[in-house]
Amino acid sequence: SDKTMSVDTIGNFLTMIRNALTMRKRTVTAPYSKMREQITRVLLEEGYVRDYAKKGEGVEASITLILKYVDGESVIHQISRVSKPGRRHYEKIVDLRQVIGGLGIAILSTNAGIIADRAARERNVGGEVLCHVW
């Protein structure tokens, strides 16, 4: 395999979620990673998914998200990658803009863990903006 190609595992994960929503699926299952679980936990805490579960161990492990719909409409309208492996996007907390006037969230990787922008403001930490959700 070509080592110079940096695989965007977060981007792939968000694409899997987007595709599942487009197809009106109830769940989406992806290979497990700690990062994916932390992003999912934020989505759950912020009300964007109904629930999630980790299955299996090691390389066999997977994570399944139970997607959330209200009156047939997905609660997630858009989930987009901000920072990319080739172009990292960091923001200081003072520069962190609200997503869609505060209707959406940014998910950040900070030294306080993977958290939503609201939590980042509360803790006064900036970090890498992984994605926007609204």
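(A) Expanded view of the pairing of strand β10 (residues 127–133). For β10, a buried count of six out of seven residues is recorded, marking the element as mostly surrounded by other parts of the structure. By the bridge criterion, three bridges tie strand β6 (residues 79–81) to β10 in an arrangement that is antiparallel. Within β10, the position partnered with R81 by the bridge is C131. Bridge count for strand β7 (residues 90–91) against β10 is two bridges, and the pairing is antiparallel. Note on β10: the bridge partner recorded for Y90 is E128. As paired strands, strand β8 (residues 105–110) and β10 are joined by five bridges and run antiparallel to one another. In the sheet register, A106 faces β10, and the bridge partner there is H132.

(B) Spatial organisation of the pattern of salt bridges. This structure, assessed with the given rule, holds seven salt bridges. We note a salt bridge from R88 to E128, for which the minimum N-O separation is 2.9 Å. Pair noted here: R88 is in the loop between β6 and β7 and E128 is in strand β10, with a separation of 40 residues, a long-range link. Since its relative accessible area comes to 46%, R88 is described here as partly exposed. In this structure E128 comes out as buried when scored by relative accessible area, which is 9%. Taking the shortest distance from any N to any O, the salt bridge between R121 and D117 comes out at 3.6 Å. With R121 and D117 both in helix α3 (residues 117–123), this residue pair falls four residues apart, about one helical turn. We classify D117 as buried; its relative accessible area is 4%. Where salt bridges share partners, they join E46, R118 and E122 into one cluster.

(C) The sheet that holds strand β3 (residues 62–67), seen in detail. Pairing within the open sheet is antiparallel, and its three strands lie in the order β1-β3-β2. Edge positions in the sheet fall to β1 (27–31) and β2 (49–55), since each of these pairs with one other strand and no more. For this sheet, the mean angle separating the axes of adjacent strands, direction not counted, is 20°. Two strands pair when backbone bridges link them, and β1 and β3 are joined in this way by five bridges, in the antiparallel orientation.

Calculation criteria
Residues numbered from 1 in each chain as written. Predicted model: local features only at pLDDT ≥ 70, side-chain atom pairs only at ≥ 80, totals over all residues. Heavy atoms only, no water. Buried < 20%, exposed > 50% of the residue type's maximum accessible area, 1.4 Å probe, protein only. Helix = DSSP H or I, 4+ residues; strand = E, 2+ residues; numbered from the N terminus. Pairing = 2+ DSSP bridges. Salt bridge = Lys/Arg side-chain N within 4 Å of Asp/Glu carboxyl O. Axes fitted to C-alpha atoms, helices over the stretch in contact; angles between N-to-C directions.

Note that every value here comes from positions in space, so none of it alone points to a role or purpose.
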